[in-house]
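Geometric and topological summary
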Amino acid sequence: MTWFTRRLRRLAPQLAALAIILGIISLIAPGFLTISVQNGRLYGSLIDILVRAAPVALLTVGMTLVIATRGIDLSIGAVIAICGAVAATLITDGYPLPVVIAVSLGVGIVCGLWNGILVAVLDIQPIIATLILMVAGRGIAQLITEGVILTFNDDTFAALGSGALAGIPIPIYLWVGTALIIGLLMRRTALGFLIEATGINRRAASLAGVRARFLLFSAYAISGLCAAIAGMIVTADIRGADANNAGLWLELDAILAVVVGGTSLNGGRFSITASLIGALIIQSINTGILVSGFPPEFNLIIKAGIIIVVLTLQSPAIITLFGFIKASRRSDKLNHGTKEATR
Amino acid sequence: MSAPHALLEARGIGKSFFGISALEDVDFTLEQGEIHALLGENGAGKSTLIKILTGVYRRDRGTIYLEGNEVSPDDVAAAQALGIGTVYQEVNLLENLTVAENLFLGRQPRRFGMIDRHTMRDRSKALLARYGLDIDVDALLSSYSVAIRQIIAIARAVDLSGKVLVLDEPTASLDANEVKGLFTVLRQLREEGVGIVIITHFLDQVYEIANRVTVLRNGRLVGSRAISELPRLDLISMMLGRELQHITRDHQAEPETIDDRGAPSIQFQNYGKKGSVAPFDLDIRPGEVVGIAGLLGSGRSETAFLLFGIDRADSGTATIDGEQVNITSPEAAIVNRFGFCPEERKTDGIVGDLSVADNIVLALQARRGWMRPISSSAKRELADSFIKSLDIRPADRERPIKFLSGGNQQKAILARWLVTEPRLLILDEPTRGIDIGAHAEILKMIERLCSEGMSLIVISSELEELTAVAHRVIVLSDRRHVAELSGRQLTTDGIIRAIAGTGETEAA
Amino acid sequence: MIHARNLPFVTTLAIFIIAYGLCVLQFPNMLSTRVIGNLLTDNAFLGIAAVGMTFVILSGGIDLSVGSVIAFTSVFVAVMVGSFGVHPLTAFLAALVISTLFGCLMGAMIRYLMIPPFVVTLAGMFLARGAAYLVSTQSVPITHEFIDTMLGFYIRFPGGGRLTLLAMVMLIVFAVGIVVASRTRFGANVYAIGGNLQSAELMGVPVGATTIRIYALSGFLSGLAGIVYTLYTSSGYSLATVGVELDAIAAVVIGGTLLTGGVGLVAGTFIGILLQGLIQTYIVFDGTLSSWWTKIVIGILLFVFIVLQRTIIWYSDRRLAERQLKEV
């Protein structure tokens, strides 16, 4: 089996689900697949999906790594609010753009490291550890914006959310670029492999000399960093920081994207690409329901229905059932093979 | 004494998992008031049979009779109601509940639909008093030792079921005194007419307490005999199905003691940790196998933890080739080219979902750091060469390691360390839970490695194994290194005498 | 003697008493029955939901659907009574049946499909919220004689405070919850499952039935909380009570229940609710503090309690190890 076919096999269920969902939507809403160029910028529902998916896709990249370590990061929605608030405050105070971006990213990393300390050093269950920042984070964001929606007028920063470069909206560059960089970082170095080992069996990995704490720290820090980028896109998009609603429940979308992408919540083997396709599936459903002319009330319930179907199909019970059928067939084959070999 | 019907009788039991047969046409008979040992190597089908009798698994074929009546326990609760109670080795009672709550879980005495705590406490007290246990039943179970928990579990099972008591490896984590206490309880229950099935791998204990043994091998019944007419050698050959091969290093041809095997390359001086192991000196020479012997809890695994930096020493120094080193973590130990195969292979050794190849390169990758990845072609080559040289089966480097048998997993863990080319390899119970074939291969491997100049520390509770492979054996007792045996003194009897503290070789 | 496992509860209680004392020193009015009565009424729906959450967390699970189920129930009841003229009692009963069945379904998915509770109840959260939107996206006011009678029923304390029907319902739910958790076989089974699922199963605990009952109970209490919320606001709104599950989880944890399951007290959750209510009341009394301090303080409290629990586990593990060492 070549590398390519193995990849394809891993991604097949997600790609198929995405294709089916896009197909259904295009049947209901005929203009769905068309892409047009206006004023040198691409327009169309598909482009819209890619742009709207940016925040969730970014969160999904970090969440995939955290989940691979057998953790979970509930705080990233709140981190979006915090980083958005920081960025908006600095912009209104007249700081230059590089400073704004650097400080916001730094704040995101600090948030991630805080989670990392709780999880890796104090050994607190990830779901509980990140709950703290999830609860307190929005309060902190409101503290920064002093309880108002902090608007600003800075076209350069706003371009992060609504601008375009060579016809392609900037948010797409940001999430695809981040995903590529982090994906390469994981697979071109041994980071991904070591994170998987830690997620599957932290104790065994530690005894083999893997520095599990460092890996946990880096996963949560990357998660915070991704949330910071997402926070800047969200803030730039609406030209304001809304501490109450920015990134609200996006962590749950990101977790769903990872789960739909087939990475187990029990940690271990992960695929950032599959998670991103999961994020695109979720965004396609959102956009699809809108363009299909369903009343927006249906949005959540259709999404919930699809998610429940996907979860059921991927549930351990069903997988074990299929897995055993497959395994028993394979072991039959193998037994034949070894018998022949010994003959 | 023969009752019209046996207490528990199973006929023609068969069970397969997804096409692979685990148990085939097995008969088993338990009489009232007997202790019946169920023996066999790992994978013989002991636990499958037990799980069928106690309602955890459903059988595919066969019939079960309890006191002559056909029964079909579908789940644990049904088996308990019929009178068949079980005490498992590890997953036992609930640590977060009190003793009384554990004893009466699911059958709490009630008044007006509410749990009657007073009655529950009194009845718990009375129940445990029968076993000579007078403890605070309102304290959490977690505040008591494993031995006491074991008795509580037995008390619960007997009170709950009363006819048949199944014990799965009850003595595995008990010391000698605790085993004695447990056996007193079992004898008392036997007097009262309870039928007891006991799974154990300690043959001494079988001869001490059992009336009958039933031996399984590869899912089939080998035989069932009264212990009084079964010499030990016959029993072993029933279990193994072949004569034991003696590959014993011939210490008798050696001088009385051997002190001089060249200069030590690794030295630990006054090395120890409070509450774990008393300070000890240990010199290891290249190409030497140092055995560590002692009872469970004597500090033998703790010694390994200390040497490998899992626990931090609070006294003493470590020197390698004359240079002092600090071994404060596994990473530091690995940097100094140490390797460690832990006793608990499943929890501390393998990374189950990763492939055999990934497991083999894990320690090397960890030592290189995340920035210097091992290329996939190098990984393939390494994995394939070790799969070949250690004969890991199936020879499929991409297969998740959790699907391999225990012996092959152990070989893969060995390979994990061999790729790092260690100067010292610590093996904690390297042959536990491994089938007999892999067992011999691993012992041979140890021989080969030390002939190539590697130093090894082998911890084992099987004394024959230790005397067979080790040049020297350190004996531990009460968390102290009490003796060092080598040369002609190195015999199983010598080790036992040293553990018992009666050895004339002490403080040699 | 205080069991180590009850230490978090005792700590919460002590913190609450000290905090309340400090508040009273600064604002003597906070001791009035009026304030206490309001505190109970304002937090009635949250308290009821938190009792269900306590059982879920004791069993080692989590229920994220609570806030959405409350919103669904409230908008469902409001539409039934307001638009269709159904008698409130019938509407209440229907709402409770739906929410209980919903909980059953989630429990069954957790048990039989082996999907983690976190994920199942997350999907449940979306589903219930979506169902609420389907019923109505407007805020639906509700008026009915019967409801007015219910709201008019209260016990007057000396000093002008009122113990409203809503507060009474919460207190009853807590009382029943305490008894169920500590004095019934179901309660014991919940602790057993939370302590160690495998052992519980081997000891004959009906894990499947108990799991379903736990989530059904949480669904039922979320429904009841939704009804109380409807009465409290005299309206139903599908966008309301977003994130109430987090407040409930916070109350449970601050009340000393281990999020890993198996250890905790329903009474602790009550103190957790009171403590949260106290923070809000203090902020109202102070007048200069902004509302977001509630979240920050709750976050800090969560942190303190989680670290405290961690320390207790470390400490008791070490003590056990030392004792075993001595035995050896």
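Procedures and definitions
- Residues numbered from 1 in each chain as written.
- Chains lettered and ligands numbered in written order.
- Predicted model: local features only at pLDDT ≥ 70, side-chain atom pairs only at ≥ 80, totals over all residues.
- Heavy atoms only, no water.
- Pairing = 2+ DSSP bridges.
- Helix = DSSP H or I, 4+ residues; strand = E, 2+ residues; numbered from the N terminus.
- Axes fitted to C-alpha atoms, helices over the stretch in contact; angles between N-to-C directions.
- Contact = heavy atoms within 4.5 Å.
- Phe/Tyr/Trp six-rings, centres within 6.5 Å; stacked < 30°, edge-to-face > 60°.
- Buried < 20%, exposed > 50% of the residue type's maximum accessible area, 1.4 Å probe, protein only.
- Lys NZ or Arg CZ within 6 Å of the ring centre and 35° of its normal.
- Domains from an automatic or database assignment.
- Buried area = accessible area lost by both parts, 1.4 Å probe.
- Salt bridge = Lys/Arg side-chain N within 4 Å of Asp/Glu carboxyl O.
- Polar contact = N/O pair within 3.5 Å; in protein donor to acceptor, adjacent residues only side chain to side chain.
- Nonpolar A, V, L, I, M, F, W, Y, C, P; charged D, E, K, R; others polar.

**Regarding the sheet that holds strand β9 (residues 164-168) of chain B**
For sheets, the rule is that strands pair by backbone hydrogen bonds, running either parallel or antiparallel. All names here are of chain B. Read from one edge of the open sheet, six strands run β6-β9-β10-β3-β11-β12, paired in mixed fashion. Only two strands of the sheet have a single neighbouring strand rather than two, namely β6 (84-87) and β12 (220-226). Mean inter-strand twist for the sheet, computed between neighbouring axes without regard to direction, equals 20 degrees. Where strand β11 (residues 212-217) lies against β12, six bridges are found, and the strand directions are antiparallel. When the sheet's bridge partners are listed, V213 is paired in β12 with R225. Across the sheet, helix α5 (residues 146-160) is in contact with β6 and β9; its angle to β6 comes to roughly 170 degrees.

**Notes on the packing of aromatic side chains**
Summed over all chains, the structure comprises 16 aromatic pairs over all chains. Between W114 of chain A and F303 of chain C, the aromatic rings sit 5.1 Å apart at their centres with planes inclined by 45 degrees, giving tilted as the arrangement. Linking W114 of chain A in helix α5 (residues 97-121) with F303 of chain C in helix α14 (residues 292-327), this pair reaches from one chain into another. Owing to a relative accessible area of 26%, F303 of chain C belongs among the partly exposed residues under this scheme. Three or more aromatic residues link up through ring pairs in this structure, and these residues are F268, Y271, F280 and F338 of chain B. The ring of Y154 of chain C has R162 of chain C sitting right over it, with the charged end atom 4.2 Å from the ring centre.

**Things to note about the domain arrangement of chain B**
Where interface size is given, it is often the accessible area lost as the parts come together that is meant. Residue and element names in this part refer to chain B. For chain B, the assigned domains read domain 1 (8-96 + 140-240), domain 2 (251-337 + 422-506) and domain 3 (356-420). On the side of domain 3, 12 residues touch domain 2, which itself brings 18 residues to the contact. With both sides pooled, the region where domain 2 packs onto domain 3 buries about 1,200 Å², and carbon together with sulfur makes up 73% of that total. Linking domain 2 with domain 3 are zero salt bridges, by the criterion used here. Counting residues per element, the ones that place at least two in the side of domain 2 that touches domain 3 are α10 (330-335), β19 (424-428) and α15 (436-451).

**Quick look at the interface of chain C and chain A**
With 39 residues of chain C at the interface, the matching set in chain A holds 42 residues. Here chain C and chain A share an interface that buries about 3,700 Å² over both sides, 87% of which is from carbon and sulfur atoms. Ranking the residues of chain C by area buried against chain A places F118, F126 and W292 of chain C at the top, with a combined share of 18%. Counting across the interface, chain C meets chain A through zero salt bridges. At the boundary of chain C and chain A, one finds zero residue pairs in polar contact (both at pLDDT 80 or more). Tallied by class, residues from the side of chain C that touches chain A come to 30 nonpolar, five polar and four charged.

**Digging into the sheet that holds strand β14 (residues 277-284) of chain B**
All names here are of chain B. Taking strand neighbours across the sheet as the criterion, the four strands line up as β14-β13-β16-β17 in an open arrangement whose pairing is antiparallel. One side of each edge strand has no neighbouring strand; the edge strands of this open sheet are β14 and β17 (323-325). Neighbour-to-neighbour, the strand axes of this sheet turn through a mean angle of 25 degrees, independent of strand direction. In the sheet, strand β13 (residues 266-273) pairs with β14 via five bridges, with the strands oriented antiparallel. Residue pairing in the sheet places K273 in a bridge with V277 of β14. Sheet strands touched by helix α9 (residues 300-307): β13 and β14. Its angle to β14, the strand with the most contacts, is close to 65 degrees.

**Describing the interface of chain B and chain A**
Taken together, the contact between chain B and chain A spans 29 residues of the former and 26 residues of the latter. When the two sides are added together, the surface that chain B and chain A hide from each other amounts to roughly 2,300 Å², 70% of it contributed by carbon and sulfur. Counting across the chain B and chain A interface gives three salt bridges. Note that E331 of chain B and R211 of chain A form a salt bridge whose closest N and O atoms lie 3.9 Å from each other. On the surface where chain B and chain A come into contact, there are six residue pairs in polar contact (both at pLDDT 80 or more). Counting residues per element, the ones that place at least two in the side of chain B that touches chain A are α10, α11 (345-349), α12 (356-368) and α14 (406-418) of chain B. Ranked by residues supplied to the side of chain B that touches chain A, first place goes to α12 of chain B with six residues. The class makeup of the residues in the side of chain B that touches chain A is 18 nonpolar, four polar and seven charged.

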